Amino acid sequence: MKTLERRLGLLSVLGISMGAMLGSGLFVLPGLASALTGPSIWLAYLGAGLMVLPAALSKAELATAMPVAGGTYVYIDRTFGPLAGTIAGLGLWLSLLLKSAFALVGFGAYLRAIATDYLQIPIPLRAMALLLLGLVALLNAVGVRKVGRVQSWIVAASVLGMLTLALLAMPSFNPALLHDSFPRGANGFIGAVAFVYISYAGVTKVAAVAEEVRDPGRNLPLGMLISLTVVGVLYAVVTLVLVGHLPMQTLAGDLRPIYTLALSVGGSKLALLAAILAVLTMTSMANSGLLAASRFPFAMARDRLLPSGLCVVHDRFLTPVRSILLTVGIMAVAILALDVEKIAKLAGSFMIAAFSAVSLTVIVLRESDVPWYRPSYRSPLYPWMQLLGVLGGIVLLWMMGVLGAVALLAMTASGAVLYLAYGRHRTSRRGVFGQRGPRRELVAQPPPLPYLDAALPGQAQVVVALLGEERSPETLVEVGASLSDGRRVEVLHLTDAPEQMELDMMLEDDVGLTSIRRRISAMAQVRRFDLDLQAVVTRDVVKTIYEVTNQVHCDWLVMDWAGIRPRGITPFNPLGWLVNHLSANLALLRDAGVRYTREILALPKPGPHDALVVDTAEHLAGVFGARVTLVGYVPDDADPIRLQATADYLEQLGQLCGCPVGHRILRGKSEVSSVVDATSAFDLLVLGAPASARLRFPAAPEDAILQSAACSVLRVRAPRAHQKEARSVGARSGIRLIDFVDDALLATRIEVQTKAELFSRIAKRMAQVLDASEVDALEEALWERERSQNTSVGHGVALPHATLPAARRDYLGVFSLGTPVDYDASDGGAVDVLFVTVGPPSERNTHLKILADVARLVLSSDIIDELRQATHSEQIRDTLARHGSV
């Protein structure tokens with residue numbers, strides 16, 4: 001299939017962009033807008049230009065990242081998916097062609113002035129509009145370069161003519177006419193801003209032909225900003241001259257204000273020149289509009305959202321002739337059969353919404369950290385400029401009133417119907433937003449990987465995903481191989497390809513990939529690692545990683561993770577869904593450049609990942625010949641009880657290790673600063689990942705530690721649905737949870753109001769199998785542990801536990817609540833399922849094994865759901881009997 005040729009330079013970009021703005025916005029709208037706000041109309045034009053600026057800057061950035069035909073349609077489609085893309089493409093196409101048709105009909109006031117005042121002959125306006133439409137269509141069909149040249153000449157003549165007229169009118173400028181500049185108050189002024197906002201819509205039309213622009217990284221943003229500045233100043237100057245020369249009763253409602261001004265300043269000859277210039281300029285506007293509008297069906301057809309015939313490029317002229325002819329046909333029907341002026345104004349509401357969507361698109365793409373999104377121009381003042389664009393668009397849409405909302409809904413509904421009837425069955429794209437959201441289609445039935453079936457092994461112990469931003473790929477692979485126990489390691493070099501780029505263009509190995517392949521192969525030979533590297537080009541990184549880990553049944557997924565990006569404004573983690581749905585343990589490495597690991601610091605915390613943290617640190621120590629130190633943090637002002645509880649916790653974990661480990665209690669005012677200071681004496685810090693899928697919480701101490709640690713950091717996370725027994729302390733315990741359960745320690749749907757009341761009820765039940773006199777001691781022991789570390793593990797589950805000398809052995813209680821209770825958890829979630837363990841100091845080892853096995857079960861959503869649905873204690877016992885043994 002032929003592609004469009006890059007023929008447009010900076011002057012052509014300026015001509016198309018300014019030509020799309022200079023038209024009815026200057027020659028028709030000032031008279032109508034002045035009726036809304038009076039002499040302050042020139043300020044309304046400046047305000048509207050400032051409101052357009054965020055969209056212009058955002059679109060300039062997007063155009064340099066995706067310099068392809070389709071403009072706003074492509075940006076919204078690639079970001080929010082084909083449904084949003086279809087709505088945007090159809091709506092913008094109709095909006096542009098209607099406004100272009102309006103430009104051809106709107107010059108009627110000037111053409112009528114020429115015919116009446118000078119030629120004394122009747123001119124059929126609609127027939128003339130159709131004739132000019134035919135000429136514009138021919139010009140568009142024979143080549144975009146010719147369009148650019150014609151536009152440049154007409155725009156230059158229009159700018160020069162308007163500035164000359166303004167200079168001629170300045171001597172008779174009457175400041176007294178500017179008095180009472182806001183006769184209708186703020187509402188009238190804002191309404192005028194919304195009314196003339198569409199005058200600037202053309203500034204971004206050139207992005208629709210970005211695929212035909214030479215050096216788009218320079219010419220697109222430069223052309224947009226220059227044209228917006230020039231046209232904004234021209235609008236303000238000319239309208240200021242208008243209100244300072246013509247009384248409001250003359251200007252308000254005048255459909256040919258420039259002609260009236262020229263007639264007043266220079267008589268009939270100057271007025272004739274102004275009318276001719278108006279006709280040429282609005283024809284130029286229609287020309288730019290057709291050029292931009294015709295690229296929307298072209299781009300949509302290329303994406304299979306419209307019939308493929310519309311994306312055919314002419315062999316000789318290298319233009320999308322069929323798309324141009326379709327657009328011209330609809331414009332002709334509009335000119336003949338519709339009240340184009342009213343419809344075009346209503347269509348402006350969709351443009352305002354689209355401009356807001358463009359600003360939102362930049363936010364989503366930046367926050368998602370899409371690998372392929374690398375614009376050569378970045379909008380300044382991010383994200384405030386984009387937020388201003390979104391909020392400003394909402395205000396302007398509100399000012400458009402009911403009719404504007406109806407028009408917006410009508411175009412949205414039309415696009416949705418088109419997608420559901422045609423495009424939905426022909427495309428599988430999801431867009432960046434869809435790829436980062438819930439992936440129900442993958443959970444329901446993970447599809448096969450036909451392009452990797454032959455290359456992937458039947459099974460691998462570890463999958464290492466290289467996304468292209470690793471500090472040292474071989475270090476990450478070495479960590480993965482160290483976790484493999486000598487078994488197979490599958491290394492995936494993933495290239496995220498945007499939808500607008502053909503996959504076969506990215507299949508050949510680049511220089512960087514060739515180097516990585518050579519270095520990793522050499523390391524595998526020297527270290528005798530059983531590994532293989534596969535280079536994969538994909539449009540959906542999350543999907544590919546998920547499918548590969550399922551297909552090879554790995555125990556670990558190892559990736560690079562540099563933590564929160566300073567430029568981010570949201571806690572959005574692009575791999576959030578993947579993190580919560582992996583069937584393997586996850587290891588995220590922040591590589592600090594350490595190449596020899598001799599000292600490992602492990603920072604476990606009570607919860608579902610503490611056993612994995614300790615076990616991973618111990619395993620890596622055995623591979624690297626390193627020593628392990630378990631560390632806990634206690635604030636300076638903590639009481640002795642919390643200090644002792646933390647020491648006991650570390651000691652219990654250390655007893656399960658197969659090699660000697662050190663213990664260290666950190667004291668200080670801040671956990672982050674205390675741990676960071678300690679990392680200077682270590683080569684690797686191992687800690688758990690938060691239970692939430694959102695790993696980018698600025699408030700989480702783990703994130704701050706990750707950013708500031710002096711050594712490399714490895715964050716590990718057990719899978720939510722399927723804990724891998726080979727790497728779990730609980731899996732090696734050989735215990736049956738049901739053996740530690742007493743009927744008195746099982747209760748369903750307890751009703752309590754506070755956490756204090758909950759602990760009191762639990763202590764009374766536990767005392768029934770211990771000693772009735774130990775109720776107070778038991779309740780205090782539970783609170784001591786709780787003050788040391790909140791025992792909520794997320795998903796509405798908590799694991800309170802305590803050591804009590806009066807206990808004869810270890811006990812496990814399972815309780816569900818009728819109404820979730822506030823648990824003061826770090827994630828803010830309420831709790832409705834509790835696993836409570838109590839045991840004597842002499843049975844600390846067994847106590848920890850119970851905790852580890854309970855943590856493993858908590859990761860399975862099935863058992864938690866069953867416990868929530870249980871209505872009596874026997875159902876809890878049956879559930880534990882089925883799930884609670886290893």
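All values derive from a computational prediction rather than experimental measurement.

## What about the overall build of the protein?
Within the protein, the secondary structure is distributed over 32 helices and 16 strands. Taking the contacts inside the protein whose residues are at least 6 apart along the sequence as the reference set, 82% of them involve residues at least 24 apart. Only carbon and sulfur atoms are counted for the fraction: they give 59% of the accessible area of the protein, which is about 34,300 Å².

## Side note on helix α14 (residues 295-302)
Most of α14 sits inside the fold, with seven of its eight residues counted as buried. Three or more residues of α14 are buried, namely R295, F296, P297, F298, A299, M300 and A301. At the C-terminal side of α14, R304 shows a positive phi close to 70 degrees.

## With respect to the packing of helix α5 (residues 72-80) against α14
Look at α5 against α14: their axes get within 9 Å of each other, and the N-to-C directions meet at 30 degrees. Residues T72, Y73 and V74 of α5 pack against F296, A299 and M300 of α14.

## Focus on unusual backbone geometry
Backbone geometry follows two general trends: most residues other than glycine have a negative phi, and most peptide bonds adopt the trans configuration. The residue after Y382, namely P383, is reached through a cis peptide bond having omega 0 degrees. Within the fold, P383 resides in the loop between α16 (340-368) and α17 (384-421). For D180, which is not glycine, the phi torsion reads 55 degrees and is therefore positive. For D180, the location among the structural elements is in the loop between α9 (144-169) and α10 (185-196). Note on D180: relative accessible area 54%, which makes it exposed.

## Things to note about the nonpolar core
In terms of nonpolar packing, the biggest core is built from 133 residues, with Y110, M162 and I258 touching the most fellow members. Looking at this core element by element, the count peaks at 18 residues for helix α13 (residues 257-293). Other than its neighbours up to four places away in sequence, M162 contacts L26, F27, L234, V238, I258 and L277. In terms of nonpolar packing, the next biggest core, distinct from the first, is built from 44 residues, A617, F624, A626 and A718 among them.

## Here we look at the sheet that holds strand β10 (residues 712-717)
Spatially, β3-β2-β1-β4-β5-β10-β9-β6-β7-β8 is the arrangement adopted by the ten strands of the open sheet, whose pairing is mixed. The sheet terminates laterally at β3 (531-538) and β8 (662-668), the two strands that pair on one side only. Neighbouring strand axes in the sheet, compared pairwise and without regard to direction, differ in orientation by 25 degrees on average. Looking at chain direction, strand β6 (residues 599-603) and strand β7 (residues 627-635) are connected through four bridges and run parallel. Looking at the pairing, I600 lines up with V628 of β7. Across the sheet, helix α21 (residues 511-527) touches β1 (462-466), β2 (489-496) and β3, and the angle it forms with β3 is around 160 degrees.

## Notes on the pairing of strand β11 (residues 741-750)
By the criterion of burial, β11 is predominantly enclosed, with seven of the ten residues buried. Pairing of β11 with strand β15 (residues 811-822) involves four bridges; the strand directions are parallel. Directly across from L746, in β15, lies its bridge partner V814.

## Details of the packing of aromatic side chains
Applying the stated criterion across every chain, the model contains eight aromatic pairs. Geometrically, the ring pair formed by F182 and F189 is edge-to-face, given 5.5 Å between the ring centres and 70 degrees between the ring planes. A relative accessible area of 40% places F182 in the partly exposed class. Their ring planes at 65 degrees and their centres at 5.9 Å tell us that Y197 and F355 sit as a pair that is edge-to-face. Placement of Y197 in the loop between α10 and α11 (216-243) and of F355 in helix α16 is noted, with a sequence separation of 158 residues between them. The class for Y197 is buried, based on a relative accessible area of 3%. Ring-pair connections join several aromatic residues into one group, and the members of that group are Y45, Y200 and Y235. Here the basic side chain of R426 rests over the ring of Y422, its NZ or CZ set 3.8 Å away from the ring centre.

## Some words on the environment of A806
In this fold, A806 is placed in the loop between β14 (801-803) and β15. In this structure, the C-alpha to C-alpha distance between A806 and G839, residues 33 residues apart in sequence, is 8.5 Å.

## Quick word on the pattern of salt bridges
Applying the stated rule across the entire model yields 16 salt bridges. Linking K605 and E671 is a salt bridge whose minimum nitrogen-to-oxygen distance equals 2.8 Å. Of this pair, K605 sits in the loop between β6 and α24 (610-624) while E671 sits in helix α26 (residues 671-678), and the two are 66 residues apart along the sequence. K605 sits in the partly exposed class, given a relative accessible area of 22%. We note a salt bridge from D743 to R877, for which the minimum N-O separation is 2.8 Å.

## Details of α24
For α24, spanning 15 residues, the distance from its first C-alpha to its last is 21 Å, which sits close to the expected 21 Å at 1.5 Å a residue. Extensive coverage of α24 is indicated by the burial of 13 of its 15 residues. Taken from the residues just after α24, G625 is the one with a positive phi, measuring 70 degrees.

## Structural notes on a nonpolar patch on the surface
Taken together, L43, L46 and F182 make up a surface patch of nonpolar side chains, about 230 Å² in accessible area. Looking at L46, the relative accessible area reads 35%, which means it is partly exposed.

## A look at the confidence of the model for the protein
Averaged over the protein, the pLDDT score is 80; the fraction of residues at 70 or greater is 83%. Confidence over residues 721-733 falls short of pLDDT 50; this stretch has 36 contacts with residues more than four positions distant or in other chains.

## Description of the side chain of S484
Looking at the element boundaries, S484 is found in the loop between α20 (473-482) and β2. According to the relative accessible area criterion, S484 is buried, its value standing at 2%.

## Quick word on the environment of N174
Mapped onto the fold, N174 is located in the loop between α9 and α10. Judged by its relative accessible area of 34%, N174 falls in the partly exposed class. It is 6.0 Å that separates the C-alpha atoms of N174 and H245, two residues lying 71 residues apart in sequence.

## What to know about the pairing of β15
Pairing analysis gives eight bridges linking β15 to strand β16 (residues 830-839), with the strands arranged antiparallel. Across the sheet, residue V821 finds its bridge partner in β16, namely V831.

## With respect to the environment of E786
Take E786: it is sitting in helix α29 (residues 775-788). The residues touching E786, leaving out its near neighbours within four places in the chain, are K755, F759, T791 and Y823. Reaching out from E786, the side chain makes a polar contact with the side chain of K755 at a distance of 2.9 Å.

## A few points about the side chain of R78
With respect to the helices and strands, the residue R78 is situated in helix α5. With relative accessibility at 6%, the residue R78 sits in the buried group. Here D77 takes part through its side chain, which lies 2.6 Å from a polar atom of the side chain of R78.

Procedures and definitions
- Residues numbered from 1 in each chain as written.
- Predicted model: local features only at pLDDT ≥ 70, side-chain atom pairs only at ≥ 80, totals over all residues.
- Heavy atoms only, no water.
- Helix = DSSP H or I, 4+ residues; strand = E, 2+ residues; numbered from the N terminus.
- Contact = heavy atoms within 4.5 Å.
- Areas by Shrake-Rupley, 256 points an atom, 1.4 Å probe, with all protein chains shown as cover.
- Buried < 20%, exposed > 50% of the residue type's maximum accessible area, 1.4 Å probe, protein only.
- Axes fitted to C-alpha atoms, helices over the stretch in contact; angles between N-to-C directions.
- Core = buried A, V, L, I, M, F, W, Y, C linked by side-chain atoms within 4.5 Å.
- Pairing = 2+ DSSP bridges.
- Phe/Tyr/Trp six-rings, centres within 6.5 Å; stacked < 30°, edge-to-face > 60°.
- Lys NZ or Arg CZ within 6 Å of the ring centre and 35° of its normal.
- Salt bridge = Lys/Arg side-chain N within 4 Å of Asp/Glu carboxyl O.
- Expected span 1.5 Å × (residues − 1).
- Patch = residues over 30% accessible without salt bridge, like charges linked within 9 Å, V, L, I, M, F, W, Y side chains within 5 Å.
- pLDDT = per-residue confidence, 0-100.
- Polar contact = N/O pair within 3.5 Å; in protein donor to acceptor, adjacent residues only side chain to side chain.

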